[in-house]
Structures are given as structure tokens and as C-alpha cells.
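# Report on the structure
Each chain, letter by letter, is given below.
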Amino acid sequence: VEGAASQVNFESHTIDGVITRQKIQDLPLNGRSFLQLAFLEPGVSVGSGTTSQYNSLFSVSVLGGSSDKTNITVDGGNVRDPINGNTSMNFSQEVVQEFQLSSNNFDLSPGITSVGSLNLVSRTGSNEFHGSAYMFYRDNNMAAYPGLARNPANPDPFFVRRNPGIWVGGPLVKDRLFFFSNYEFNNQTQVFTVQPDLPSVRGLAGNFGSPYRGHLFSTRFDWRISDKSTLFVRLSHDRNRGFGPSGGAPLPSNWLQNKNHSNQGVLGLTSTITSTLVNDFRFNATYWQNRNLFADSTVCPNCLGLGFPQLTLVGSNNFTVGNTSNATQGRDIRRFTF
């Protein structure tokens with residue numbers, strides 16, 4: 001029963017790799033992000049994103065193709081950002097039953113793209129109750145220095161990530177109806193070092209905090225209607241906010257506040273019509289609200305240039321203060337896919 005209703009029917013010759021639950025459970029993934037699983041496949045590279053713009057903490061390139069075009073689905077439901085590419089939603093490592101990667105896109109089931117496709121299969125409940133509570137912790141004492149040479153102005157940059165969560169799954173009706181639910185919280189703070197390159201403003205150098213807070217929730221119900229029909233419904237939610245630079249290291253009055261609110265609902269019905277004919281139906285509904293906002297006094301109290309227009313100095317490559325020219329912007333995207 002477990003996992004049977006969620007399998008997306010990729011054709012066998014297009015699947016390059018399937019990573020199963022046991023390996024997923026034991027892997028120390030950076031930030032516990034589901035996209036980090038792509039590192040295990042040959043010909044795939046994973047790049048880091050930013051907590052201060054959009055909702056993609058990592059990007060995935062398949063066989064050198066543009067990561068903006070990589071198709072990303074969960075239980076066959078598309079969560080790709082249709083404007084900038086990469087993902088519009090994050091998922092905990094804890095909800096992943098299988099991670100599937102297809103470097104060729106001959107099959108229509110993962111959706112249309114010119115490069116590779118990623119698909120997650122989410123976990124299901126079973127005939128026995130199981131659950132777990134967990135806490136992952138990491139700080140600068142357990143992290144490598146993020147550069148080839150230590151910066152004398154910031155020899156031990158601050159970093160902390162507190163990542164608690166809980167999951168539970170089991171039967172609602174034995175042999176017929178099952179559930180699985182997970183909640184995870186990410187409370188992270190890092191610092192960026194700002195070192196203006198002009199002597200006249202070098203006294204403004206400093207280390208400035210960049211917080212990120214994220215809530216992930218997912219619940220799934222599986223119903224074995226009969227020996228020939230199975231149905232599942234999954235609802236997932238991702239809400240987070242971050243504050244930091246979108247590129248380089250300007251002074252924090254030029255940083256971005258980034259707020260995301262994402263929801264996904266997937267319904268799947270698999271029906272065995274005859275011994276040689278199977279129908280697999282999916283309905284996917286997603287909503288993503290994103291806001292990129294100026295810094296304000298709640299995240300940047302007493303910051304130099306707060307509320308002023310963006311200001312740069314002639315002859316400087318990194319001195320910038322005031323409201324960033326990359327804000328304000330926002331998006332509200334609703335997608336319904338059959």
C-alpha cells in the first residue's frame with residue numbers, strides 16, 4: 001500500500017535515477033532541502049540561491065542545461081516558478097519517499113521542458129502508527145569558513161540554523177485509508193561582511209545579520225477504494241521570510257525583505273481498467289504569493305540610508321545604500337493543471 005498511489009508513470013527509458021527513502025533518510029542535506037538530492041545523480045549540478053529573493057534556495061542544472069528551465073514536480077504536480085524558473089515552493093527532506101530524475105524529456109508525464117525533470121514522490125502512511133520528533137542544529141563552530149582565505153575583519157562569521165520538526169503517519173481505516181503529516185520550522189541567522197572599497201567610507205565596514213524564518217507543512221491521505229482503484233490527496237504549505245542582499249554585499253539599507261506564501265494541492269486517482277490498461281489522473285492546484293520589499297526599521301533599525309533613494313559612490317564597486325532599485329515587486333500566481 002505504502003507509496004503505491006503516488007508513483008508518477010515516467011517511461012522506464014527516461015528515468016536516469018531514483019533515490020529511495022532509506023538513502024534520503026540518512027543523507028545530511030544542506031538545509032534539508034529536497035533539491036539537494038539531485039547532487040547524487042551524475043551530470044547534475046546544484047547551485048545556491050538566496051533567502052532574499054523569490055523562493056528558490058537552490059537551483060538544479062541537468063547535463064549543463066539552464067537551471068531556470070529544469071522542470072520540478074511533486075507527485076506529478078508542477079511547482080516550478082513560471083517566471084524566473086527554479087522552484088516556487090520548498091519541501092522538507094522528511095516528506096520525500098522517492099526522488100526521481102529524468103535527463104531526457106521524452107515522456108509527457110513530467111511536463112514540457114527543453115532540459116531535465118525532477119519529481120518527488122511524497123511519503124504515505126501505512127497500517128501501523130509511526131512518528132518522530134527531531135531537532136537539527138548547526139552553527140559557525142560546525143561549519144567550514146566560507147572562503148579560501150580568512151577575512152581579518154570577520155575571522156569567524158556568525159551562523160546558526162535551528163531546524164526542529166515532527167511527523168506522524170498511520171491508518172485511519174485499516175487496509176483502506178491512511179495519512180501522513182509533517183511540520184518543520186527553520187530558524188536561521190547568518191551574517192554578511194560589508195567592506196567598502198573607498199578609504200573615505202571604510203569606517204562603515206561591519207558585520208550585519210541576515211535572518212531567515214521558514215515554516216513547512218504537508219499532509220497526505222491515501223484511500224484504497226478497491227483492488228483496482230487508489231486515490232490520494234496531498235496539501236502542502238510553505239511560508240517564509242528573509243532579509244539580505246540580493247547580490248554582492250552592500251550596506252543593509254540596500255538589502256531586500258523577501259516574503260513567500262506558497263500552497264499546493266494534488267489529487268491523484270489510479271485506476272486499473274483491464275490487465276493491460278491503467279489510467280493515472282492528476283489534478284494540481286498551486287498558489288504562490290511573493291513580495292520583495294525595501295528594508296525598514298523592523299529589520300534594519302538605525303541603518304545608514306534607510307528610506308533614502310539608492311545611492312552609490314563614483315569609483316566604488318561595492319558601496320551602496322538606500323532603497324534598492326530591485327524593489328518593490330511582487331507576484332500572485334495561481335495555476336491549475338490536469
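Note that the coordinates shown come from a computational prediction; the quantities given were computed from them, not determined experimentally. (Residues numbered from 1 in each chain as written. Predicted model: local features only at pLDDT ≥ 70, side-chain atom pairs only at ≥ 80, totals over all residues. Heavy atoms only, no water.)

## A closer look at a nonpolar patch on the surface
Residues Met 135, Tyr 137 and Met 142 make up a contiguous nonpolar surface patch of about 340 Å² in total accessible area. Mapped onto the fold, Met 135 is located in strand β8 (residues 130-139). (Patch = residues over 30% accessible without salt bridge, like charges linked within 9 Å, V, L, I, M, F, W, Y side chains within 5 Å. Areas by Shrake-Rupley, 256 points an atom, 1.4 Å probe, with all protein chains shown as cover. Salt bridge = Lys/Arg side-chain N within 4 Å of Asp/Glu carboxyl O. Helix = DSSP H or I, 4+ residues; strand = E, 2+ residues; numbered from the N terminus.)

## Points about empty space enclosed by the protein
Taken as a whole and judged by the stated rule, the model has five cavities of 30 Å³ or more. In this structure, the largest cavity spans a volume of roughly 150 Å³. Forming the boundary of the largest cavity are 16 residues, of which Gly 31, Leu 57, Asn 90, Asn 186 and Leu 216 lie nearest the centre. The biggest single contributor to the lining of the largest cavity is strand β11 (residues 206-226), with four residues. Across the lining of the largest cavity, the residue classes break down as five nonpolar, eight polar and three charged. (1 Å grid on protein atoms, 1.4 Å probe; cavity = no way out; pocket = protein on both sides within 12 Å on 5 of 7 lines; lining within 4 Å. Points joined across faces, edges and corners; volume = space filled by probe spheres on them. Nonpolar A, V, L, I, M, F, W, Y, C, P; charged D, E, K, R; others polar.)

## Focus: the pairing of strand β7 (residues 117-122)
In summary, the side chains of a regular strand alternate between the two faces of the sheet. Among the six residues that make up β7, six are buried, leaving the element largely enclosed by the rest of the structure. Where burial is concerned, the two faces of β7 agree: the one with Ser 117, Asn 119 and Val 121 and the one with Leu 118, Leu 120 and Ser 122 are both buried. Sheet topology places strand β6 (residues 96-102) next to β7; six bridges connect them, and they run antiparallel. Bridging across to β7, Phe 99 finds its partner in Leu 120. (Buried < 20%, exposed > 50% of the residue type's maximum accessible area, 1.4 Å probe, protein only. Pairing = 2+ DSSP bridges.)

## Regarding the layout of surface pockets
Each pocket or cavity is described by its volume, and for the largest pocket that value is around 1,100 Å³. If you trace the largest pocket, you find 36 residues lining it, with Pro 146, Phe 159, Gln 190, Val 191 and Phe 192 closest to the centre. Only β9 (159-173), β10 (177-194) and β11 provide two or more residues apiece to the lining of the largest pocket. When the residues that make up the lining of the largest pocket are grouped by side-chain class, the tally is 14 nonpolar, 18 polar and four charged.

## Thoughts on the sheet that holds β10
In spatial order, the strands read β8-β9-β10-β11-β12-β13-β14-β17; together these eight strands make up an open sheet with antiparallel pairing. In this open sheet, the two edge strands, each paired with only one partner strand, are β8 and β17 (329-337). Between one strand axis and the next, the sheet turns by 10 degrees as a mean value, whatever way the strands run. (Axes fitted to C-alpha atoms, helices over the stretch in contact; angles between N-to-C directions.)

## Brief notes about the environment of His 261
Residue placement: His 261 occurs in strand β13 (residues 256-274). What makes His 261 partly exposed here is its relative accessible area of 26%. When the C-alpha positions of His 261 and Asn 71 are compared, they lie 20 Å apart, and in sequence the two are 190 residues distant. Contacts of His 261, omitting those with residues within four sequence positions, involve His 237, Asp 238, Arg 239, Tyr 287, Trp 288 and Gln 289. Side-chain polar atoms of His 261 contact the side chain of Asn 263, separated by 3.4 Å. (Contact = heavy atoms within 4.5 Å. Polar contact = N/O pair within 3.5 Å; in protein donor to acceptor, adjacent residues only side chain to side chain.)

## Observations concerning the nonpolar core
By size, the foremost hydrophobic cluster in this structure holds 26 residues, and its most contacted members are Val 60, Phe 91 and Phe 99. Secondary structure elements with two or more residues in this core: β2 (44-48), β3 (58-62), β4 (71-74), β6 and β7. Here Val 60 is in contact with Leu 35, Ala 38, Val 44, Ser 45, Val 46, Ser 67, Thr 70, Asn 86 and Leu 118, once residues within four sequence places are set aside. Leu 198, Val 201, Phe 319 and Val 321 belong to the second-largest nonpolar core, a separate cluster that totals six residues. (Core = buried A, V, L, I, M, F, W, Y, C linked by side-chain atoms within 4.5 Å.)

## Considerations on the packing of aromatic side chains
Under the defined criterion, the tally for this structure stands at eight aromatic pairs. When the centroid spacing of 5.8 Å and the interplanar angle of 75 degrees are considered together, the rings of Phe 192 and Trp 255 count as edge-to-face. A residue pair is termed long-range when its members are at least 10 positions apart, and Phe 192 in strand β10 and Trp 255 in the loop between β12 (229-244) and β13 qualify at 63 residues. Look at Phe 283 and Phe 338: their rings are 5.0 Å apart centre to centre, the planes differ by 45 degrees, and that puts the pair in the tilted class. Taken as a pair, Phe 283 in strand β14 (residues 277-294) and Phe 338 in the segment after β17 lie far apart in primary sequence, 55 residues in all. On the basis of relative accessibility, which here comes to 72%, the residue Phe 338 falls in the exposed class. Each residue in the set Phe 192, Phe 243 and Trp 255 is aromatic and connected to the rest through ring pairs, giving one cluster. (Phe/Tyr/Trp six-rings, centres within 6.5 Å; stacked < 30°, edge-to-face > 60°.)

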